[in-house]
Amino acid sequence: MSIDFATLHEKIDTPALIIEHSKLDKNIRAMQELSASAGVRLRPHLKTHKSVWITHKQLKAGASGVTVAKLSEAEVMVQAGIKDILIANQITQSRKLHRLKQIHRQIRLLLAIDHPIQIDILHPLFVQETKKLEVMIEINSGLNRCGVNPGEKLIELADRIIQSGFLTLSGIFTHAGQVYAAHDAKEVKQIGEHEGKVIEKAYNALIKKNIKVPTISVGATPTVKYSAFNAVVNEIRPGNYVFYDNIQCHLQSCHPQDCALLVLATVISQPSDSQVIIDAGSKALGLDRGAHATQLISGYGLLLNINGQIERLSEEHGIIQLAQRQKIQIGSHVAIIPNHACAVVNLYNQYYLLNTDGAYQIMPVDARGCTQ
Ligand SMILES: Cc1ncc(COP(=O)(O)O)c(C=O)c1O
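Note that this is a predicted model, so its numbers are computed, not measured. (Residues numbered from 1 in each chain as written. Predicted model: local features only at pLDDT ≥ 70, side-chain atom pairs only at ≥ 80, totals over all residues. Heavy atoms only, no water.)

Asks: For the overall build of the chain, give the residues involved together with the corresponding values.
Replies: Scanning the chain for helices and strands turns up 12 helices and 17 strands. On the principal axes, the C-alpha backbone points of the chain span a range of 70 × 40 × 35 Å. Put simply, the chain has 372 residues, and 55% of those count as buried. Here the analysis covers contacts within the chain between residues at least 6 apart in sequence; of these, 69% occur between residues at least 24 apart. Per element, the accessible surface of the chain, about 16,100 Å² overall, is 49% carbon and sulfur. Side chains of the chain carry 38 positive and 33 negative charges; the gap between the two charge centres is 5 Å. (Helix = DSSP H or I, 4+ residues; strand = E, 2+ residues; numbered from the N terminus. Buried < 20%, exposed > 50% of the residue type's maximum accessible area, 1.4 Å probe, protein only. Contact = heavy atoms within 4.5 Å. Areas by Shrake-Rupley, 256 points an atom, 1.4 Å probe, with all protein chains shown as cover. Lys, Arg positive; Asp, Glu negative; His and termini not counted. Charge placed at Lys NZ, Arg CZ, Asp CG, Glu CD.)

Right, dumping it as structure tokens:
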């Protein structure tokens with residue numbers, strides 16, 4: 001059944017962040033099925049939705065634990081009763097370690113590590129703990145951000161962790177985020193397979209030194225359908241798939257009808273027959289147009305009920321160029337699939353969770369702004 005956005009638009013203030021409930025459920029189910037068919041655990045990344053309610057949904061559907069990017073995101077989730085969290089980031093600011101220790105004492109916490117100095121930084125606060133701190137070594141599979149290459153440095157780091165006495169080496173993980181600059185579906189497949197091969201190489205390098213780690217984790221939404229099927233991989237960490245977005249449509253991870261997140265806006269003016277202005281600007285849609293400098297997505301979101309393109313944004317205005325000259329009713333609604341769901345969610349305090357019968361509920365973006 002198609003959603004009646006015009007009726008919803010009469011009931012709520014715009015710009016508004018809408019979740020189509022049935023699509024959200026479908027996306028959660030489909031990724032759980034993919035992980036089951038690959039025989040791997042699913043540890044979804046929560047930075048996309050930052051919502052306690054969606055986290056519980058993912059766990060109920062079968063996720064084995066969750067991933068966050070930030071300490072403050074982890075704190076929100078611990079408060080909400082989540083018991084198994086990977087912080088897929090290195091935490092090196094000494095003053096944060098007290099907070100980290102509090103989480104460690106309450107739940108199963110896993111922390112990213114990719115440099116021996118991080119062991120020295122963690123040492124003073126964690127050496128006296130009765131429970132060892134679990135760490136996952138980050139492997140670089142081509143994003144060239146954090147992460148060690150699967151060579152000497154990996155072995156040295158693994159040895160240092162094992163010898164530390166206060167850390168447990170629980171696994172290795174990688175994220176082939178360079179996929180967001182892929183030109184076509186073929187390149188996405190290559191990067192996905194490469195992500196699997198690199199983590200396999202790291203796993204084998206450790207095995208050669210008699211180091212067997214329990215968790216071999218990969219994932220980005222576009223890559224998991226390839227990397228999850230690598231023989232050594234046993235965990236995936238996609239995040240964006242709960243909503244999908246216009247960038248994922250361009251990468252052929254999904255179709256526009258799979259996108260569960262929308263921005264609902266209002267036409268505030270029409271300066272000419274070829275342009276309309278909406279009340280959603282960069283503070284409602286974000287400025288993200290994809291990762292590839294030579295192949296930027298044209299426009300700032302996919303328009304669902306107007307034939308045209310969002311050509312320009314100022315902070316509070318979106319400027320739509322219409323495909324044909326026409327009169328658009330000032331005050332009417334515009335439904336938009338955002339380019340990058342994860343970035344857009346962080347701009348809003350709340351979601352409108354919309355059912356197919358048109359009923360809606362307001363849900364908080366619990367970890368909005370949790371960047372510290
Ligand atoms: C370390 C890590 N793992 C997993 C993910 C999830 O990737 P995606 O948003 O493509 O699903 C991200 C995304 O930024 C990440 O940084």
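Asks: Explain the site of the ligand to me, using residue names and the numbers behind them.
Replies: Contacts to the ligand come from 14 residues, most closely from Lys-47, Tyr-180, Thr-221, Arg-237 and Gly-239. Take Arg-145: an N or O atom from its side chain is 3.1 Å from an oxygen atom of the ligand. In the environment of the ligand, an oxygen atom lies 2.6 Å from a nitrogen or oxygen atom belonging to the side chain of Thr-221. Bound to the protein, the ligand loses 91% of the 390 Å² it would expose on its own. The residue makeup of the shell around the ligand, split by class, is 5 nonpolar, 6 polar and 3 charged. (Near = heavy atom within 4 Å. Polar contact = N/O pair within 3.5 Å; in protein donor to acceptor, adjacent residues only side chain to side chain. Nonpolar A, V, L, I, M, F, W, Y, C, P; charged D, E, K, R; others polar.)

Asks: Just give me the short version of the packing of helix α7 (residues 152–164) against helix α8 (residues 185–208), but keep the residues and values in it.
Replies: Contact geometry of α7 with α8 gives a least axis separation of 10 Å together with a crossing angle of 55°. Considering their axes alone, α7 and α8 lie oblique with respect to each other. The two elements α7 and α8 meet at a crossing, and its hand is right-handed. Judged by residue contacts, Leu-154, Ile-155 and Ala-158 of α7 engage Ala-202, Ala-205 and Leu-206 from α8. For the contact of α7 with α8, the residue count by class is 6 nonpolar, no polar and no charged. (Axes fitted to C-alpha atoms, helices over the stretch in contact; angles between N-to-C directions. Parallel < 35°, antiparallel > 145°, perpendicular 65-115°, else oblique. Left-handed = near helix turned anticlockwise from the far one by under 90°.)

Asks: Could you give me a rundown of α8, with the residues and numbers involved?
Replies: With 24 residues, α8 ought to run about 34 Å at 1.5 Å a step, and its terminal C-alpha atoms sit 35 Å apart, in line with that. Considered for burial, the residues of α8 that qualify are Val-188, Ile-191, Gly-192, Glu-195, Gly-196, Val-198, Ile-199, Ala-202, Tyr-203, Ala-205 and Leu-206. Lining the buried residues of α8 we find α7, β7 (167–173), β8 (215–218) and α9 (224–227). Immediately beyond the C-terminal end of α8, within one or two residues, lies Asn-210, with a positive phi of roughly 65°. (Expected span 1.5 Å × (residues − 1).)

Asks: I'd like to hear about the sheet that holds strand β3 (residues 66–68), residue by residue, with values.
Replies: Here we have 8 strands laid out as an open sheet, ordered β2-β9-β8-β7-β6-β5-β4-β3, and parallel in their pairing. Across the chains shown, the open sheet's two edge strands, defined by having one partner strand only, are β2 (41–42) and β3. Direction of pairing for β7 relative to β8: parallel, over a ladder of 3 bridges. Residue pairing across strands places Phe-173 opposite Ser-217, the latter belonging to β8. Packed on one face of the sheet, α7 meets β5 (108–113), β6 (133–138) and β7 and runs near 150° to β7. (Pairing = 2+ DSSP bridges.)

Asks: Requested: an account of the packing of helix α2 (residues 21–38) against helix α3 (residues 52–61), with residues and values cited.
Replies: Viewed as axis vectors pointing N to C, α2 and α3 meet at an angle of 40°, and their least axial separation amounts to 10 Å. By the angle class used here, α2 and α3 are oblique. Considering how the two elements wind past one another, α2 and α3 form a crossing that is right-handed. Note on element contacts: α3 touches α2 through Trp-53, Ile-54, Lys-57, Gln-58 and Ala-61, opposite His-21, Leu-24, Asp-25, Ile-28 and Gln-32. Residue composition of the contact of α2 with α3, grouped by class: 5 nonpolar, 3 polar and 2 charged.

Asks: So what's going on with the pairing of β7? Which residues, and what values?
Replies: Here is the key point about a regular strand: its side chains alternate between the two faces of the sheet. Among the 7 residues that make up β7, 6 are buried, leaving the element largely enclosed by the rest of the structure. By the bridge criterion, 6 bridges tie β6 to β7 in an arrangement that is parallel. When the bridges of β7 are listed, Glu-134 appears paired with Thr-168. Handedness of the crossover joining β6 and β7 through α7: right-handed. (Right-handed = clockwise from strand over helix to strand, strands pointing away.)

Asks: Just give me the short version of α2, but keep the residues and values in it.
Replies: Helix length check: α2 (18 residues) gives 26 Å between terminal C-alpha atoms against 26 Å at 1.5 Å per residue, within 8%. Taken as a whole, α2 has its buried residues at His-21, Leu-24, Asn-27, Ile-28, Met-31, Gln-32, Leu-34, Ser-35 and Ala-38. Relative to the axis of α2, the buried residues are bounded by an arc of 160° and lie together on one face. What points out from α2, more than 90 degrees from its buried face, is the exposed set Glu-33, Ala-36 and Ser-37. For α2, the secondary structure elements touched by its buried residues are β1 (16–20), β2, α3, α9, β9 (235–236) and β16 (350–354). Gly-39, located one to two residues past α2, shows a positive phi value of around 70°. (Arc of directions from axis to C-beta.)

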